[in-house]
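One letter stands for each residue in the lines below.
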Amino acid sequence: MSQSHAPTLVLMFHPDMSRSRANRSLLHAAAALDDVTVVDVRSHYPDGHIDADVEVARLLAAERIVMQFPVQWYSTPPQLKAWQDVVLTRMFYMNYQTEGRLLEGRPLLVAATAGNKASTYTETGANLVPLEALLSPLRVTAHRCGLRWAEPFLLYEANTLPCTALAEAGRDYATRLRQWIATGA
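Residues numbered from 1 in each chain as written. Predicted model: local features only at pLDDT ≥ 70, side-chain atom pairs only at ≥ 80, totals over all residues. Heavy atoms only, no water.

Draft legend 1. The arrangement of the pairing of strand 2 (residues 36-40) in detail. Counting buried positions along strand 2 yields 5 of 5 residues, so the element is predominantly enclosed. Side chains V36, V38 and D40 project from strand 2 onto one buried face, and the interleaved T37 and V39 project onto a second face that is buried too. Pairing between strand 1 (residues 8-12) and strand 2: 5 bridges, direction parallel. Across the sheet, residue M12 finds its bridge partner in strand 2, namely D40. For the crossover from strand 1 across helix 1 (residues 22-31) to strand 2, the handedness is right-handed. (Buried < 20%, exposed > 50% of the residue type's maximum accessible area, 1.4 Å probe, protein only. Helix = DSSP H or I, 4+ residues; strand = E, 2+ residues; numbered from the N terminus. Pairing = 2+ DSSP bridges. Right-handed = clockwise from strand over helix to strand, strands pointing away.)

As structure tokens, then:
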């Protein structure tokens, strides 16, 4: 799923979009917005071999970047980590002057889904820490790359929400994206 070039780039890192109700709902809501391009990274690289040239060009063409994914075992999906290793390593360690430096200052929004209830992501809950704390490695990466971190969009109970709640989550996501875009964050 993708659209033509647009200032806001939504990169979806889901291991199997055909099995995702929540991320698919969010992605469709984002794709319906003007000036938003959505990219299902897995569908572009089913063999796992990421084309750094393509991905660097995507990032440099975007004014804002969204990384969307399900939280899996307290972390990002493996494909997001692989993408970081290939793309960000190239941009910020190998080609900083010609690529990485050009990306600095762009805003980054993380949109993450979790299968459990929000109450489990507390010091006394089953997961011991807030979901935002699990995103700390991405926040540190954003800082290291000079990207402006935005407050994440989080959706809980992704596996069990009824269709009406998923539709509402999609509307909330679209609203959040529109507000984020409008403020130039």
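Draft legend 2. Here's a closer look at the packing of aromatic side chains. Taken as a whole and judged by the stated rule, the model has 5 aromatic pairs. Taking 5.5 Å as the distance between ring centres and 65° as the angle between the ring planes, the aromatic pair formed by F13 and W83 counts as edge-to-face. Placement of the pair is F13 in the loop between strand 1 and helix 1 and W83 in helix 4 (residues 78-94), with a sequence separation of 70 residues. In terms of burial, F13 and W83 fall into one category: buried. On the numbers, 4.9 Å between centres and 45° between planes, the contact of F153 with Y173 is tilted. In this pair, F153 is assigned in strand 6 (residues 153-155) and Y173 in helix 8 (residues 163-183), connecting sequence segments 20 residues apart. For F153, a relative accessible area of 11% gives the class buried. (Phe/Tyr/Trp six-rings, centres within 6.5 Å; stacked < 30°, edge-to-face > 60°.)

Draft legend 3. Structural view of the pairing of strand 1. A large share of strand 1 lies buried, amounting to 5 of its 5 residues. Side-chain alternation along strand 1 places T8, V10 and M12 on one buried face and L9 and L11 on a second face that is also buried. One ladder, built from 5 bridges, connects strand 1 with strand 3 (residues 64-70); its direction is parallel. For L9, the partnering residue across the bridge sits in strand 3 and is I65.

Draft legend 4. Structural view of the side chain of N23. For N23, the position within the fold is in helix 1. What makes N23 buried here is its relative accessible area of 2%. In terms of polar contacts, N23 uses its side chain to reach the side chain of Q68, at 3.0 Å. Those residues in contact with N23 that lie beyond four places of it in its chain are M12, H14, M17, Q68, F69, P70 and T113. (Polar contact = N/O pair within 3.5 Å; in protein donor to acceptor, adjacent residues only side chain to side chain. Contact = heavy atoms within 4.5 Å.)

Draft legend 5. Seen up close, the nonpolar core. Counting residues in hydrophobic clusters, the biggest one holds 35 residues, and the most contacted among them are L11, F13, L59, F69, W83 and L131. Of all the secondary structure elements, the ones that give two or more residues to this core are strand 1, helix 3 (52-61), strand 3, helix 4, strand 4 (107-113), helix 6 (131-134) and helix 7 (136-144). Ranked by residues supplied to this core, first place goes to helix 4 with 6 residues. Not counting the four nearest positions on each side in its chain, L11 is found in contact with V39, V41, E55, R58, L59, I65, V66, M67, Q68 and W83. By size, the runner-up hydrophobic cluster in this structure holds 26 residues, among which are L27, L33, V36 and A111. (Core = buried A, V, L, I, M, F, W, Y, C linked by side-chain atoms within 4.5 Å.)

Draft legend 6. Quick peek at the confidence of the model for the protein. With 96% of its residues at a pLDDT of at least 70, the protein reaches an overall mean of 94. Every residue in residues 1-5 is under pLDDT 50, and counting partners more than four places away or in other chains gives 17 contacts. (pLDDT = per-residue confidence, 0-100.)

Draft legend 7. The pattern of salt bridges, seen in detail. Applying the stated rule across the entire model yields 5 salt bridges. Among the salt bridges present, the one from R90 reaches D53, with a minimum N-O distance of 2.5 Å. Linking R90 in helix 4 with D53 in helix 3, this pair joins segments that are 37 residues apart in sequence. By relative accessible area, R90 is classed as buried at 16%. Of the charged contacts, one joins K81 and D85 as a salt bridge, the two residues approaching to 2.5 Å between their closest N and O atoms. One end of the pair is K81 and the other is D85, both in helix 4 and 4 residues apart, which spans about a single turn. On the basis of relative accessible area, K81 is assigned to the partly exposed category, the value being 45%. Connected through shared salt-bridge partners, D53, R90 and E99 make up one network. (Salt bridge = Lys/Arg side-chain N within 4 Å of Asp/Glu carboxyl O.)

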